Amino acid sequence: MEGTNRDFKYFMQDTGSVYLGAKLSYAEILQDEMVNFKYKSIVEHYIFKDTDSETTLESQLYYMTDDQFSYRTYRQLKAKVKISILKEKKGFGGKKKAGYQSEIMKLEEFVSMNLAQKKAAGVVVQELILSKLALMAFSV
C-alpha cells in the first residue's frame, strides 16, 4: 500500500465491525494479508459482478446506485459509510463559517443522495464499515 493516500488505505477491526479505508482499491484489498478471507471471497464472487479490481472503495461508494449488485451485497453486510461533509458552523464571535464534519451514514441513506447533492455538500468518502455479524452470516 504505497502512494500519497497511504493514511487512507487501511483495514482494521474491532469486536463488532470491520473498517476499510476508502482509498483502497479492490486489487489492494485482495493482496492485503490483514483482510479476512471471507470478505475477499465476497469481493471476488459478488462485488466483481459490476466492479473493476482497480476501482477504489471511495469511487465505488460515491457513484453507487441502488440498482447495482454490489449495493445489494453491501446492504446484506449492513454497510455504513464514514464521510466528511461541508457544514456551516458558528465560529468565533458568532460568525458563520464552513467546515468539514465527519458523519457515519447507513449505506441506504448515503446512496439515496444523488450526485448533485453529494457535490453540493462537498462529500468526501473516508471509510467503509461492515458489520462482523453480517459478514459471518453471509453465505458465499
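Attention here is on the structure that accompanies the text. In this numbering scheme, every chain counts its residues from 1 along its sequence in written order. Totals for whole chains, interfaces and linings use every residue, but because this is a predicted model, local features are given only for residues with pLDDT of at least 70 and side-chain atom pairs only at 80 or more, for both listing and counting. Side-chain metrics in this entry use all non-hydrogen atoms of the structure; hydrogen atoms and water are not considered.

**Re the layout of surface pockets**
Part 1 of the reasoning: A cavity here means a set of points on a 1 Å grid, drawn over the protein atoms and nothing else, where a 1.4 Å probe fits but cannot get out; a pocket is an open set with protein on both sides within 12 Å along at least five of seven lines, and a residue lines either one if it has an atom within 4 Å of a point. Grid points are joined across faces, edges and corners, and a volume is the space filled by probe spheres set on the points. By volume, the largest pocket is sized at about 210 Å³.
Part 2 of the reasoning: Considering the residues around the largest pocket, the lining is formed by Arg75, Gln76, Lys78, Ala79, Lys80, Lys106, Glu108, Ala134, Ala137, Phe138 and Ser139.
Part 3 of the reasoning: Every helix listed is a DSSP run of H or I at least four residues long, and every strand listed is a run of E at least two residues long, numbered separately from the N terminus. Of all the secondary-structure elements, those providing two or more residues to the lining of the largest pocket are helix H4 (69-76) and helix H7 (132-137).
Part 4 of the reasoning: In the lining of the largest pocket, the residues fall into four nonpolar, two polar and five charged. Residue polarity is assigned by list, with Asp, Glu, Lys and Arg as charged and Ala, Val, Leu, Ile, Met, Phe, Trp, Tyr, Cys and Pro as nonpolar; anything else, Gly included, falls into the polar class.

**As for the nonpolar core**
Among soluble globular proteins, nonpolar side chains are generally buried collectively.
Part 1 of the reasoning: What we call a nonpolar core is a set of buried Ala, Val, Leu, Ile, Met, Phe, Trp, Tyr and Cys residues that are connected through their side-chain atoms within 4.5 Å. We call a residue buried when its accessible area falls under 20% of the maximum for its residue type, exposed when it is over 50%, and partly exposed in between, using a 1.4 Å probe and counting protein chains only. Residues Leu20, Tyr39, Leu57 and Tyr74 are the most contacted members of the largest nonpolar core, which totals 35 residues.
Part 2 of the reasoning: Taken together, the elements giving at least two residues each to this core come down to strand E2 (17-21), helix H1 (26-31), helix H2 (37-45), helix H3 (57-63), H4, strand E3 (80-90), helix H5 (107-112) and strand E5 (124-131).
Part 3 of the reasoning: Only heavy atoms enter the contact rule, under which two residues are in contact if any of them lie within 4.5 Å. Ignoring any residue separated from it by four or fewer positions in sequence, one finds Tyr74 in contact with Tyr26, Tyr39, Ile47, Leu57, Gln60, Met64, Ala79, Leu107, Leu128 and Leu130.

**Side note on the pairing of E5**
Part 1 of the reasoning: Of all eight residues making up E5, seven are buried, and the element is well covered by its neighbours.
Part 2 of the reasoning: When DSSP finds two or more bridges between a pair of strands, those strands are recorded as paired. Summarising the sheet, E2 and E5 pair through five bridges and their orientation is antiparallel. Following the sheet pairing, Gly21 is matched in E5 by Glu127.

**Some words on the sheet that holds E3**
Part 1 of the reasoning: If you walk across this open sheet you meet the five strands as E1-E2-E5-E3-E4, and the pairing is antiparallel. The sheet terminates laterally at strand E1 (11-13) and strand E4 (96-106), the two strands that pair on one side only. The mean angle between the axes of side-by-side strands here comes to 30°, regardless of whether they run parallel or antiparallel. To obtain each axis, a line is fitted to C-alpha atoms, and for helices this fit is confined to the stretch in contact; angles are then taken between N-to-C directions over 0 to 180 degrees.

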